[in-house]
Amino acid sequence: MDYNQRLESGKASKIKPRHVEKVLQKLRAKSAALETEIAATKSPDKKARLEGKLKVARTHIERAEWLLKELG
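Computed from a predicted structure; not experimentally measured.

## Observations concerning the nonpolar core
In terms of nonpolar packing, the biggest core is built from 5 residues, these being Val20, Leu24, Leu27, Ile61 and Ala64. Those elements that provide at least two residues to this core are helix H2 (17-40) and helix H3 (44-71). No other element matches the 3 residues that H2 contributes to this core. For Val20, the contacting residues outside a window of four places in its chain are Ile15, Ala64, Leu67, Leu68 and Leu71.

What follows is the structure, given as structure tokens:
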């Protein structure tokens, strides 16, 4: 069931731009913290894990920015 169907059936609430902006702010802060931690990390294994987390965070940021544009 997609978002529009859930919205129409009353099982989801309408996404508001300010909610997306709030999430974007948190994601950007997390991304910056991960970049700082990666720069300070010496262990290759830990660096690889952190880079994976950073990639996921950046993907979520891209999706949130797209959603914000769609909400308009």
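We are not done yet, so read on.
## Let's talk about H2
For H2, built from 24 residues, the straight-helix expectation of 34 Å at 1.5 Å per residue is met to within 8% by its first-to-last C-alpha distance of 35 Å. Buried residues of H2: Val20, Leu24, Leu27, Ser31, Leu34 and Ile38, and no others. Taken together, the buried residues of H2 touch H3.

## Some points on the pattern of salt bridges
Considering all chains together, one arrives at 3 salt bridges under this definition. Linking Glu65 and Arg28 is a salt bridge whose minimum nitrogen-to-oxygen distance equals 2.6 Å. Here Glu65, found in helix H3, pairs with Arg28, found in helix H2; they are 37 residues apart in sequence, far enough to count as distant. Glu37 serves as the salt-bridge partner of Lys46, at 3.6 Å between the closest nitrogen and oxygen. Judged by its relative accessible area of 34%, Lys46 falls in the partly exposed class.

Parameters at a glance
Residues numbered from 1 in each chain as written. Predicted model: local features only at pLDDT ≥ 70, side-chain atom pairs only at ≥ 80, totals over all residues. Heavy atoms only, no water. Core = buried A, V, L, I, M, F, W, Y, C linked by side-chain atoms within 4.5 Å. Buried < 20%, exposed > 50% of the residue type's maximum accessible area, 1.4 Å probe, protein only. Helix = DSSP H or I, 4+ residues; strand = E, 2+ residues; numbered from the N terminus. Contact = heavy atoms within 4.5 Å. Expected span 1.5 Å × (residues − 1). Salt bridge = Lys/Arg side-chain N within 4 Å of Asp/Glu carboxyl O.

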